[in-house]
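Residue-level listing of the chains:
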Amino acid sequence: MTALITYLILVHISSSIFSIYVHRGMGHHHFEFKPILHHIFRFWLWFFTAHAWPNWQQHYAAKHRKHHITSDTANDPHSPYFYTFWQLLDVSH
């Protein structure tokens, strides 16, 4: 039971960091973080979620901005109408 609770807490923290740091901070420029927070957030995401490929933050920000420009069209990289769940997870396109 302790392992499950620990897992759920880690998933919650990771999701929150991704939402605040990557999505809102990098994708939308809603927040500006001090350098120490950049390092803490990047370490957390690398350690707990395997976000570690080169330039993954810039890759996500560019894809997410394109998503807002071309929402729910064939050019939308996050559209559930044109891509399956597994295609959306693929970082190569």
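In this convention, every chain numbers its residues from 1, walking through the sequence in written order. In keeping with the model being predicted, local features are shown solely for residues with a pLDDT of at least 70 and side-chain atom pairs are shown and tallied solely at 80 or more, while totals for entire chains, interfaces and linings include all residues. Only hydrogens and water are set aside when side-chain values are computed; all heavy atoms of the structure are taken into account.

Regarding the overall build of the protein chain
Part 1: Across its full length, the protein chain carries four helices and zero strands.
Part 2: By the criteria applied, helices consist of DSSP H or I runs no shorter than four residues and strands consist of E runs no shorter than two, each listed in order from the N terminus. Along its sequence from the N terminus, the protein chain presents helices and strands in the succession α-α-α-α.
Part 3: Summarising its shape, the C-alpha atoms of the protein chain cover approximately 45 × 35 × 20 Å along the three principal directions.
Part 4: Per-residue burial over the protein chain gives 26% buried out of 93 residues.
Part 5: When contacts within the protein chain are restricted to residue pairs at least 6 apart in sequence, those whose partners lie at least 24 apart make up 44%. The classification of residues rests on relative accessible area computed with a 1.4 Å probe and restricted to protein chains. Under 20% of the type maximum is buried, over 50% is exposed, and intermediate values are partly exposed. Pairs of residues are marked as contacts when any of their non-hydrogen atoms sit within 4.5 Å.

So, helix 1 (residues 2–27)
Part 1: The span one expects for a helix is its residue count, reduced by one, times 1.5 Å. Helix length check: helix 1 (26 residues) gives 35 Å between terminal C-alpha atoms against 38 Å at 1.5 Å per residue, within 8%.
Part 2: Buried within helix 1 we find Ser14, Ile17, Tyr21, Val22, His23, Gly25, Met26 and Gly27.
Part 3: Directly after helix 1, the chain includes histidine 29, whose backbone phi takes a positive value near 55°.

Things to note about the environment of histidine 51
Part 1: Assignment of secondary structure puts histidine 51 in the loop between helix 2 (35–49) and helix 3 (56–69).
Part 2: Take histidine 51: its relative accessible area is 19%, and that puts it in the buried class.

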